Amino acid sequence: MSDAQPAVAIDPTREPIVVVDDLHIIYRVYGSGGGRGNAATALMRVVKRENRPQMKEIHAVRGVSFIAYRGDAIGVVGTNGSGKSTLLKAIAGLLPPAKGGVYTDGQPSLLGVNAALMKDLTGSRNIILGCLAMGLTPEETKEKYDEIVKFADLKPGFIDYPMSTYSSGMGARLRFAIAAARTHDVMLIDEALATGDAKFKRRSKAKIDELRKDAGAVFLVAHNLDVIEETCNRVIWLDEGRIKMDGDPKEVLKAYTDATGK
Ligand SMILES: Nc1ncnc2c1ncn2[C@@H]1O[C@H](COP(=O)(O)OP(=O)(O)OP(=O)(O)O)[C@@H](O)[C@H]1O
């Protein structure tokens with residue numbers, strides 16, 4: 001496969017908010033070094049200092065470049081393992097680039113991670129912690145509380161239960177509701193909408209539209225292409241860590257579905 005990336009289009013009339021420049025992300029993982037293993041053989045290996053686990057490199061993002069402008073809602077699509085989540089984490093500043101860089105005007109927030117939710121605490125406590133972690137003052141947190149509970153629309157009583165008792169959909173709704181309680185300079189949403197039901201998806205889309213007006217840029221990773229098409233004004237298609245296409249949602253999604261049959 002060629003390494004050629006689509007040329008980065010620069011629009012001088014719009015304000016850039018995220019610039020990704022020849023970004024490379026490499027994970028380093030330790031393999032077992034081959035062979036069958038159990039605790040005793042592993043111990044022997046340690047004692048004898050032999051057959052040390054080999055370090056493997058996984059080159060997840062391979063020279064990605066693009067510019068996101070204020071007001072953009074960018075959907076990121078690609079098959080499993082194409083590097084979508086890695087790209088979002090790198091934009092959020094959670095993974096160091098092996099080469100190249102990411103420049104953002106303002107604070108990026110990866111939905112769910114930045115909210116720092118804790119499973120053992122109740123939904124209610126998590127709302128307070130999440131809001132404070134996002135930088136809201138205690139007064140602003142109080143003001144937003146009811147709006148968040150209403151938006152998350154959990155089953156009655158669940159807001160006072162630990163989050164460990166929530167289904168994945170309920171957890172995703174609460175995380176989304178907390179993250180949506182303030183505007184973000186750069187908002188990164190990874191599959192959060194995949195678990196919600198149709199009604200929640202509609203409300204989330206409306207919320208994203210609202211946030212887009214004030215936010216700098218929104219990035220959305222979703223396997224559900226309808227959600228991407230309805231929500232985004234631009235789509236980036238990642239293939240094996242490289243940009244295959246970047247542009248109008250209809251065009252990119254058509255090419256993507258034609259190529260992958262998804
Ligand atoms: N923490 C990690 N350590 C090592 N390798 C990783 C890690 N996270 C992802 N990878 C690898 O990086 C590559 C890209 O993974 P990534 O999760 O970014 O893909 P994705 O497009 O989001 O996939 P999916 O659609 O399955 O969520 C894959 O080869 C994956 O195995």
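Our structure is the block above this text.
Residues numbered from 1 in each chain as written. Predicted model: local features only at pLDDT ≥ 70, side-chain atom pairs only at ≥ 80, totals over all residues.

S.K.: Which residues make up helix α6 (residues 198-214), and what values do they have?
M.R.: Between its first and last C-alpha, α6 extends 25 Å over 17 residues, near the 24 Å set by a 1.5 Å rise per residue. Among the residues of α6, Ser-204, Ile-208 and Arg-212 are the ones counted as buried. When α6 is viewed along its axis, its buried side chains cluster within an angular range of 80 degrees and face the same direction. Turned more than 90 degrees away from the buried face of α6, the exposed residues are Lys-199, Arg-202, Ala-206, Glu-210, Lys-213 and Asp-214. Contact partners of the buried residues in α6: β3 (72-77), α5 (168-179), β7 (217-221) and α7 (225-231). (Helix = DSSP H or I, 4+ residues; strand = E, 2+ residues; numbered from the N terminus. Expected span 1.5 Å × (residues − 1). Buried ≥ 20, exposed ≤ 12 C-beta atoms within 10 Å, placed from the backbone. Arc of directions from axis to C-beta. Contact = placed C-beta atoms within 7 Å.)

S.K.: Describe the pairing of β3, listing the residues and the values that go with them.
M.R.: Within a regular strand, side chains alternate between the sheet's two faces. Of all six residues making up β3, six are buried, and the element is well covered by its neighbours. Bridge count for β3 against β7 is five bridges, and the pairing is parallel. Its bridge partner being in β7, Ile-74 is matched across the sheet by Phe-219. Pairing of β3 with strand β8 (residues 234-239), which is carried by four bridges, proceeds in the parallel orientation. Residue pairing across strands places Val-76 opposite Ile-236, the latter belonging to β8. (Pairing = 2+ DSSP bridges.)

S.K.: Outline unusual backbone geometry, listing residues and values.
M.R.: Despite not being glycine, Asp-22 shows a phi value in the positive range, around 45 degrees. Take Asp-22: it is sitting in strand β1 (residues 16-30).

S.K.: Account for the sheet that holds strand β5 (residues 108-110), naming residues and giving values.
M.R.: Sheet architecture is open: six strands sit in the order β5-β6-β7-β3-β8-β9, paired in mixed fashion. Each edge of the open sheet is held by one strand with a lone partner, namely β5 and β9 (242-247). Averaged over neighbouring strand pairs, the angle between their axes works out to 20 degrees when direction is ignored. Across five bridges, strand β6 (residues 186-190) lies against β7 in parallel orientation. In the sheet register, Met-187 faces β7, and the bridge partner there is Val-218. Sheet contacts for α6: β3, β6 and β7; angle to β7, the most-contacted strand, approximately 145 degrees. This element, helix α8 (residues 249-260), spans β3, β8 and β9 of the sheet and lies at about 25 degrees to β8. (Axes fitted to C-alpha atoms, helices over the stretch in contact; angles between N-to-C directions.)

S.K.: Before we move on, can you summarise the pairing of β6 with the specific residues and values?
M.R.: The buried fraction of β6 amounts to five of the five residues, a majority that puts the element mostly inside the structure. Both faces of β6 are covered, namely the face carrying Val-186, Leu-188 and Asp-190 and the face carrying Met-187 and Ile-189.

S.K.: Break down helix α4 (residues 138-152) for me, citing the residues and quoting the values.
M.R.: The end-to-end C-alpha separation of α4 is 20 Å, in line with the 21 Å expected for 15 residues at 1.5 Å each. Of all the bends in α4, the greatest, near 40 degrees, is centred on Lys-144. Taken together, the buried positions of α4 are occupied by Lys-144, Ile-148 and Ala-152. Where α4 is buried, its residues contact α3 (123-133) and α5. Phi turns positive one or two residues past the end of α4, at Asp-153, with a value near 50 degrees. (Bend = angle between axes of the 7 residues up to and from the residue.)

S.K.: Explain the packing of α3 against α4 residue by residue, including any values.
M.R.: Running from N to C, α3 and α4 cross one another at 125 degrees; their axes reach a closest spacing of 10 Å. With respect to each other, α3 and α4 are oriented oblique. α4 is crossed by α3, and the crossing has right-handed handedness. Touching Ile-127, Ile-128, Cys-131 and Leu-132 of α3 are Thr-141, Lys-144, Tyr-145 and Ile-148, all from α4. Partitioned by chemical class, the residues of the contact of α3 with α4 number six nonpolar, one polar and one charged. (Parallel < 35°, antiparallel > 145°, perpendicular 65-115°, else oblique. Left-handed = near helix turned anticlockwise from the far one by under 90°. Nonpolar A, V, L, I, M, F, W, Y, C, P; charged D, E, K, R; others polar.)

S.K.: Break down the site of the ligand for me, with residues and values.
M.R.: In the neighbourhood of the ligand, the contacting residues comprise Tyr-27, Val-29, Ile-58, Ala-60, Gly-78, Asn-80, Gly-81, Ser-82, Gly-83, Lys-84, Ser-85 and Thr-86. Elements that contribute at least two residues to the shell around the ligand include exactly β1, β2 (55-69) and α2 (84-91). Sorting elements by how many residues they give to the shell around the ligand places α2 first, with three residues. Among the residues forming the shell around the ligand, the class breakdown is four nonpolar, seven polar and one charged. (Near = placed C-beta within 6 Å.)

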